[in-house]
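Single-letter residue listing:
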Amino acid sequence: MAGRATLVGAGPGDPELLTLKALRALSSADVVLYDKLVDPSVLDLAPRHARRIDVGKRCGRHAMSQAAINALLVREVRTGAHVVRLKGGDPFVFGRGGEELEALRAAGAAVEVVPGITAALAVAARLGLPLTHRGLARGLHLITAHGAEEDLPAHDWRALAEAGGTLAVYMGSRTLPRVAAALIDAGMAPETPAIAVENASLPSERRIPATLGAIAAAVSAAAVEGPTLVLIGAVVALAGSAAASGRAIERHAA
Ligand SMILES: C[S@@+](CC[C@H](N)C(=O)[O-])C[C@H]1O[C@@H](n2cnc3c(N)ncnc32)[C@H](O)[C@@H]1O
């Protein structure tokens, strides 16, 4: 096959958080397939002549199915193009990058994967809180709160609660009340520090500090709309003063 594909992690939004490799891939793209988590400023880094194809979901419009995205990727590579698939954060963290890689490999396409900064890492850096910390957190779990048909995923909540590490909850805006309840039922203290961060790394970033017991109500009161990550665990207490202050919601100037 003449063309090639690069699955590129676009990071959490701030273009400064792209890798040099991502920038290089973008600047040689003939076609860019992007999803809703990719900030327009990142897309602007592709050459003018590159065709931009929005394959993501937006309000009032249906998302292209994963199967259709896979087929489109293969079709575009077959034209001989360098196809860049830009994905928010890292392609292999809740990004379905594995499925796209499989489809491209099955079609015999040359594929490269460029990692990106996943939301949990971006949030930790923004808040100045270490995700692991001697004496406080021996591990980090990245979990999704989004299961099939509105259900919670079948995590082993007791194991997560007992692990004593930091939990990074992706896609939790809707199911957060049930995630928090499941963790508390499994033995995690309701006083465990927690924080939700919406649009991390963008000028519209908002921080919502609370405890595990109160985080769902706080997020609901803040009416978050953008992508939101929730960190739970003792390390959250180490967040910089802005996040840890008594202010319920902070809008962060970039
Ligand atoms: C489909 S997952 C994609 C994750 C992405 N591949 C990554 O590595 O960050 C979408 C979820 O990622 C999180 N997320 C992505 N970008 C974010 C951001 N800038 N701020 C906060 N959370 C973000 C949110 O939990 C959102 O619901």
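Residues numbered from 1 in each chain as written. Predicted model: local features only at pLDDT ≥ 70, side-chain atom pairs only at ≥ 80, totals over all residues. Heavy atoms only, no water.

Going by an unreviewed UniProt entry, the protein carries the name uroporphyrinogen-III C-methyltransferase and comes from Plastoroseomonas hellenica. According to the UniProt record, the Pathway (unreviewed entry) comment for the protein reads "Porphyrin-containing compound metabolism; siroheme biosynthesis; precorrin-2 from uroporphyrinogen III: step 1/1." (UniProt positions renumbered as here; feature names shortened; annotations may be inferred.)

S.K.: What am I meant to see in the packing of helix H7 (residues 176-185) against helix H8 (residues 212-222) here?
M.R.: Two quantities define a packed helix pair, namely the angle between the helix axes and the distance between the axes. Contact geometry for H7 and H8: axes closest at 9 Å, N-to-C directions at 175°. Accordingly, the angle class assigned to the pair H7 and H8 is roughly antiparallel. Residues Leu176, Pro177, Ala180, Leu183 and Ile184 of H7 lie in contact with H8, whose contacting residues are Leu212, Gly213, Ile215, Ala216 and Val219. (Axes fitted to C-alpha atoms, helices over the stretch in contact; angles between N-to-C directions. Helix = DSSP H or I, 4+ residues; strand = E, 2+ residues; numbered from the N terminus. Parallel < 35°, antiparallel > 145°, perpendicular 65-115°, else oblique. Contact = heavy atoms within 4.5 Å.)

S.K.: When you look at the site of the ligand in this model, what are you seeing that I'm missing?
M.R.: Looking at the ligand, there are 17 residues lining it, with Asp90, Val93, Thr118, Ala200 and Thr228 nearest. At 2.9 Å, a backbone N or O of Gly88 approaches a nitrogen atom of the ligand. Within the backbone of Asp90, one N or O atom sits 2.9 Å away from an oxygen atom of the ligand. Surface burial for the ligand is 89%, taken as the share of its 560 Å² of free accessible area covered by protein chains. When its residues are assigned to classes, the shell around the ligand shows 11 nonpolar, five polar and one charged. Of the domains in this structure, domain 1 (4-114) and domain 2 (119-251) are the two that each give at least three residues to the shell around the ligand. (Near = heavy atom within 4 Å. Polar contact = N/O pair within 3.5 Å; in protein donor to acceptor, adjacent residues only side chain to side chain. Areas by Shrake-Rupley, 256 points an atom, 1.4 Å probe, with all protein chains shown as cover. Nonpolar A, V, L, I, M, F, W, Y, C, P; charged D, E, K, R; others polar. Domains from an automatic or database assignment.)

S.K.: Explain the nonpolar core here, please?
M.R.: Most often, soluble globular proteins have nonpolar side chains that are buried together. Core analysis: the largest hydrophobic core is formed by 25 residues, its most contacted members being Trp157, Leu183 and Ile232. Breaking this core down by element, the ones donating at least two residues are helix H6 (157-163), strand E7 (166-170), H7, strand E8 (193-198), H8 and strand E10 (228-232). Beyond its immediate sequence surroundings of up to four residues, Ile232 is in contact with Gly165, Thr166, Leu167, Val169, Leu183, Met188, Thr192, Pro193, Ala194 and Leu212. (Core = buried A, V, L, I, M, F, W, Y, C linked by side-chain atoms within 4.5 Å. Buried < 20%, exposed > 50% of the residue type's maximum accessible area, 1.4 Å probe, protein only.)

S.K.: How do you make sense of the domain arrangement of the protein when you look at a structure like this?
M.R.: Reports often express the size of an interface as the amount of accessible area lost when the parts come together. According to the domain assignment, the protein contains domain 1 (4-114) and domain 2 (119-251). A straight line from the C-alpha centre of domain 1 to that of domain 2 covers 28 Å. Between domain 1 and domain 2 the total buried area reaches about 680 Å² when both faces are included, carbon and sulfur atoms providing 79% of it. Three residues stand out in domain 1 for area buried against domain 2, namely Pro12, Val93 and Phe94, and they jointly supply 65% of the buried area on that side. In this assembly, domain 1 and domain 2 are joined by one residue pair in polar contact (both at pLDDT 80 or more). Class assignment for the residues of the side of domain 1 that touches domain 2 results in five nonpolar, one polar and two charged. (Buried area = accessible area lost by both parts, 1.4 Å probe.)

S.K.: When you look at the sheet that holds strand E3 (residues 51-54) in this model, what are you seeing that I'm missing?
M.R.: As a general point, the strands of a sheet are linked pairwise by backbone hydrogen bonds and lie either parallel or antiparallel. Spatial ordering of the open sheet is given by E3-E2-E4-E1-E5, a layout of five strands whose pairing is parallel. Two strands lie at the open edges of the sheet, namely E3 and strand E5 (110-114), each paired on one side alone. Each strand axis lies, on average, 20° off the axis of its neighbour in the sheet, ignoring direction. Here strand E2 (residues 31-34) pairs with strand E4 (residues 82-87) via four bridges, running parallel. In the strand pairing of E4, Tyr34 is matched with Leu86. In this fold helix H4 (residues 97-106) packs onto strand E1 (4-9), E4 and E5, with an angle of close to 170° to the strand it touches most, E1. (Pairing = 2+ DSSP bridges.)

S.K.: Can you walk me through the pairing of E8 in this structure?
M.R.: For a regular strand, the rule is simple: side chains alternate between the two faces of the sheet. Most of E8 sits out of view: five of its six residues are buried. Here E8 pairs with strand E9 (residues 206-211) via six bridges, running antiparallel. Residue pairing in the sheet places Ala194 in a bridge with Ala210 of E9. In terms of strand pairing, E8 meets E10 through five bridges, oriented antiparallel. Paired with Ala194 across the two strands is Ile232, which belongs to E10.

S.K.: When you look at unusual backbone geometry in this model, what are you seeing that I'm missing?
M.R.: One can expect most non-glycine residues to show negative phi and most peptide bonds to be in trans. Positive phi outside glycine occurs at Arg96, with the angle close to 60°. One can find Arg96 in the loop between E4 and H4. A residue is classified by how much of its surface remains accessible, and Arg96, at 46% relative accessible area, is partly exposed. We note that Ala223 has phi near 50°; this positive angle belongs to a residue other than glycine. Mapped onto the elements of the fold, Ala223 is located in the loop between H8 and E10.

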